[in-house]
Amino acid sequence: MRVIGLAGWSGSGKTTLLCRLLPLLIGRGVRVSTLKHAHHDFDVDQPGKDSWVHRAAGATEVLVASARRWALMHELRGDREPSLAELLDRMSPVDLVVVEGFKREPHPKIEIHRQGTGKPPLHPHDPSIVAIASDTAFPAAGVPVLGLDDVAAIADIALSQARPVGAIPWRMTVKDACHGPAIG
């Protein structure tokens, strides 16, 4: 399983680009999954539904299944947030996982930069950035710079720069040697 990330500040267009990129990659015969980081509290469940009641009553995990899909919800209940490496280990095997967010992790990433956000670019300080998709030129970037609308070229870069999960140098600390990879 290989991984590539889309990283950028909020409002840069990561989700919009990802939604345009997915059909193109799938159309090329690539089996793709996505992994998104949320910086805020979120819930995929609905208050009052049985699965929500199970969690509210204290279940650590609730798996909801139907003929069309299944979803596993895991409550951390005070435990630390899993690292990207740990989350990738939990995913079913596919050809490519596109990670949205986790911009401080060491996996290869395409920076999504929009001048209108008013935020600085990430690439000067992140050696994991392998390309930039932007509405602004970065002549001294040292990596390919693509237009935000050049989805075919972005797909080419994503496929060529994605790395196997096991080949990524996940950060380790003394604590991690006993408890798993570090949180980025």
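Our structure's up above, just so we're on the same page.
A few points on the structure. None of the values given here were measured: they were computed from a predicted structure.

The rules behind the values
Residues numbered from 1 in each chain as written. Predicted model: local features only at pLDDT ≥ 70, side-chain atom pairs only at ≥ 80, totals over all residues. Heavy atoms only, no water. Core = buried A, V, L, I, M, F, W, Y, C linked by side-chain atoms within 4.5 Å. Buried < 20%, exposed > 50% of the residue type's maximum accessible area, 1.4 Å probe, protein only. Helix = DSSP H or I, 4+ residues; strand = E, 2+ residues; numbered from the N terminus. Contact = heavy atoms within 4.5 Å. Phe/Tyr/Trp six-rings, centres within 6.5 Å; stacked < 30°, edge-to-face > 60°. Lys NZ or Arg CZ within 6 Å of the ring centre and 35° of its normal. Salt bridge = Lys/Arg side-chain N within 4 Å of Asp/Glu carboxyl O.

This part takes up the nonpolar core. As a rule of thumb, nonpolar side chains are buried together in soluble globular proteins. In terms of nonpolar packing, the biggest core is built from 25 residues, with Ile-4, Leu-25, Leu-96, Val-98 and Ile-110 touching the most fellow members. For this core, the secondary structure elements donating two or more residues are β1 (2–7), α1 (14–27), β5 (96–100), β6 (109–113), β7 (129–134) and α4 (151–161).

This part is about unusual backbone geometry. For Arg-77, which is not glycine, the phi dihedral falls at a positive 45°. Looking at the secondary structure, you find Arg-77 in the loop between β4 (70–74) and α3 (84–89). You will see that Phe-102, though not glycine, has its phi angle at about 50°, which is positive. Here Phe-102 lies in the loop between β5 and β6.

Moving on: the environment of Pro-108. Among the secondary structure elements, Pro-108 is positioned in the loop between β5 and β6. Classification of Pro-108 as buried rests on a relative accessible area of 7%. It is 7.4 Å that separates the C-alpha atoms of Pro-108 and Val-3, two residues lying 105 residues apart in sequence. Leave out the neighbours within four places in its chain, and Pro-108 touches Val-3, Ile-4, Gly-5, Ser-128, Val-130, Gln-161, Arg-163 and Ile-168.

Inspection of the entire model under this criterion finds zero aromatic pairs. The ring of Trp-9 carries the charged tip of Lys-119 above its face, separated from the ring centre by 5.2 Å.

When the charged atoms of two side chains lie near each other, side chains of opposite charge can form a pair. For the structure shown, the criterion picks out seven salt bridges. We note a salt bridge from Asp-149 to Arg-20, for which the minimum N-O separation is 3.1 Å. A residue pair is termed long-range when its members are at least 10 positions apart, and Asp-149 in the loop between β8 (145–147) and α4 and Arg-20 in helix α1 qualify at 129 residues. What makes Asp-149 exposed here is its relative accessible area of 64%. What makes Arg-20 partly exposed here is its relative accessible area of 39%. Among the salt bridges present, the one from Glu-100 reaches Lys-36, with a minimum N-O distance of 3.1 Å. Here the residue Glu-100 occupies a position in strand β5, and Lys-36 occupies one in strand β2 (residues 32–36), the gap between them amounting to 64 residues.

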